[in-house]
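A closer look at the structure
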Amino acid sequence: MNKSGLNDLPNEILLHIMSFLMIQDVVKTSVLSKRWKNLWKHLPHLKLNTSEFSKPLYFSECVSGIVSSRSMGNYPLCTLDFNRHGSFQHKIFTELIKHAMSNGLQHLNIVVPSNIGLPYSLFTCHSLTSIYISVSMYDIKRRTRLPKHLDLPALKNLHLDSVGIQADHNGHAEPFSTCTELTNLYIDECVLVYPSSLPRKVEGKLNVTNATLSNLTIKDALTHKRMAPVPNYKYVISTPKLISFTLNGSPFLASSLPERLKVELQSSSMT
Amino acid sequence: MAEEKSQASSSKMLTLKASDGVLFEVELNIAKEMKTVQAYIDDCEDIETIPIPNVLGKHLAIVIEYIKKTNEEYDAEFEKQWNMDDLQLLLLAANYLNISGLQECLCKAIAKRIENKSPEYVRKVFNIENDHSPEEEAKLRKEYKWAFEGVDKD
């Protein structure tokens, strides 16, 4: 009885089916037969979402289990989606990011609460081409932040939602100038994080300086959404290759913009 | 003269012969959606009947209908009509004929049907022989304990 079925298909098709499964079902396939034991590790796109787990403990075990399993061989990873709304063990998160970075990660999409620090390895990854970071829960300590310098030479797309941006001792930040491939930048309700030594009433400045940037979108932090008043800061934009610019709210200083730039200014309801 | 020629080529018909001998007459542009058939035509220009040795007439008919009707609505309803055996054979056909849209639709459908099912269930429907030793299987189940929580009863 030679019944034709899924087992007659090449690995790529089996992986294509797996790409539609939740992570639990993906990993369970290892039990099916010898052929399937390590097949799941070849999935180039990992989706880790706490909402798919009944208990936070299972999610933690899932993440650390996947990292140690995949570390046993050479399994490149192309895309990582990580979605965690509650708190999460920093050590496990760091291990996951380090593992992804050392396996050639290109696309990173994370949704985390703002009390999770972002490991430095994330900002020194030479394979990353796109980063999406969204902060889901505001916390006054705001550990989820961009460092002063980014070592991301392959980065083309950067989308930051409610992420802190580290400023220097003068209250200035200029993190994007070293991203030599950057094309699209989206800054949504990001706040400058000042060193504690700085006086309260400093005028912060975010320098958006980049030689290759084509599209820029900036949406201001709305004070009414925050628990503490947010110090306002000025944008200084220096992007000679810019094609489109959408700005919601704050005044800006254009120090190097192309003549025929299409600028869309949207009025915001700022107090 | 040129107009006539182009009209003729757009309604040119091709015959596809399924593994059980069933013949299907299809328009060239429909047949071309099957990249395997396209490659065949590229190799032998004058061909009129193309053998499709791996696909039964029953499934080839479904595949041709899919190509003619595919759109978002059709795809959403498409998979509901077929049982697991047919879905697998259709996927084998879509893979052999190299039709990416159909392959995607079927992979999604099969994934939906094995969601949250036990390995025993999945082995049965896919006809997978378990060649793990009992110790090996127990080891894997322990290692991935978190994955086996809340699985549907078979």
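See the structure printed just above.
Calculation notes
Residues numbered from 1 in each chain as written. Chains lettered and ligands numbered in written order. Predicted model: local features only at pLDDT ≥ 70, side-chain atom pairs only at ≥ 80, totals over all residues. Heavy atoms only, no water. Axes fitted to C-alpha atoms, helices over the stretch in contact; angles between N-to-C directions. Helix = DSSP H or I, 4+ residues; strand = E, 2+ residues; numbered from the N terminus. Parallel < 35°, antiparallel > 145°, perpendicular 65-115°, else oblique. Left-handed = near helix turned anticlockwise from the far one by under 90°. Contact = heavy atoms within 4.5 Å. Nonpolar A, V, L, I, M, F, W, Y, C, P; charged D, E, K, R; others polar. Patch = residues over 30% accessible without salt bridge, like charges linked within 9 Å, V, L, I, M, F, W, Y side chains within 5 Å. Areas by Shrake-Rupley, 256 points an atom, 1.4 Å probe, with all protein chains shown as cover. Salt bridge = Lys/Arg side-chain N within 4 Å of Asp/Glu carboxyl O. Lys, Arg positive; Asp, Glu negative; His and termini not counted. Charge placed at Lys NZ, Arg CZ, Asp CG, Glu CD. Buried area = accessible area lost by both parts, 1.4 Å probe. Polar contact = N/O pair within 3.5 Å; in protein donor to acceptor, adjacent residues only side chain to side chain. Pairing = 2+ DSSP bridges. Buried < 20%, exposed > 50% of the residue type's maximum accessible area, 1.4 Å probe, protein only. 1 Å grid on protein atoms, 1.4 Å probe; cavity = no way out; pocket = protein on both sides within 12 Å on 5 of 7 lines; lining within 4 Å. Points joined across faces, edges and corners; volume = space filled by probe spheres on them.

With that out of the way, let us pick up the packing of helix H1 (residues 11–18) of chain A against helix H7 (residues 100–114) of chain B. It is the contact of H1(A) with H7(B), at a shortest axis distance of 8 Å, that shows an interaxial angle of 60°. Overall, the two elements H1(A) and H7(B) adopt an arrangement that is oblique. In this structure, the crossing between H1(A) and H7(B) has a hand that is right-handed. Counted together, A:Ile13, A:His16 and A:Ile17 of H1(A) and B:Gln103, B:Glu104, B:Cys107, B:Ile110 and B:Ala111 of H7(B) form the full contact between these two elements. Grouping the amino acids of the contact of H1(A) with H7(B) by side-chain chemistry returns five nonpolar, two polar and one charged.

Moving on, we come to a negative patch on the surface. Negative charge collects at one region of the surface, where B:Asp42, B:Asp43, B:Glu45, B:Asp46 and B:Glu48 lie side by side. When you line up the elements, B:Glu45 lands in the loop between helix H3 (35–43) and strand E3 (49–51).

A few words on the interface of chain B and chain A. If you look at the interface, chain B gives 39 residues, while chain A gives 34 residues. Between chain B and chain A, the buried area comes to about 3300 Å², and carbon and sulfur atoms account for 67% of it. Our count for the chain B to chain A interface comes out at two salt bridges. We note a salt bridge from B:Glu136 to A:Lys37, for which the minimum N-O separation is 3.6 Å. Linking chain B to chain A there are twelve residue pairs in polar contact (both at pLDDT 80 or more). Of all the secondary structure elements, the ones that give two or more residues to the side of chain B that touches chain A are helix H6 (84–97), H7, helix H8 (119–126) and helix H9 (134–143) of chain B.

Residue and element names in this part refer to chain B. The strand order across the open sheet formed by three strands is E2-E1-E3, and the pairing between neighbours is mixed. Lying at the two open borders of the sheet, with one neighbouring strand each, are strand E2 (23–27) and E3. For this sheet the average axis-to-axis angle between neighbouring strands, irrespective of direction, equals 30°. Of the strand pairs in this sheet, strand E1 (residues 13–17) and E2 are connected by five bridges, and their pairing is antiparallel. From the neighbouring strand, Met13 faces E2, where its bridge partner is Glu27.

In this section: the environment of A:Leu160. Residue and element names in this part refer to chain A. Assignment of secondary structure puts Leu160 in strand E6 (residues 157–161). Classification of Leu160 as buried rests on a relative accessible area of 0%. Sequence separation between Leu160 and His42 is 118 residues, and the spatial gap between their C-alpha atoms is 29 Å.

For the rest of this paragraph, the subject is empty space enclosed by the protein. Following the criterion strictly, the structure yields three cavities of 30 Å³ or more and no others. What the largest cavity holds in volume is close to 70 Å³. Residue lining of the largest cavity: A:Leu21, A:Asp25, A:Lys28, A:Thr29, A:Leu32, B:Ile114, B:Lys117, B:Ser118, B:Pro119 and B:Val122, and that is the complete set. Residue assignment for the lining of the largest cavity shows that the elements contributing at least two residues are helix H2 (23–28) of chain A together with H8 of chain B. Across the lining of the largest cavity, the residue classes tally to five nonpolar, two polar and three charged.

This part takes up the side chain of A:His99. Residues and elements named next belong to chain A. In this fold, His99 is placed in helix H4 (residues 90–101). With relative accessibility at 7%, the residue His99 sits in the buried group. Those residues in contact with His99 that sit more than four places away from it in its chain are Val67, Arg70 and Ser71.

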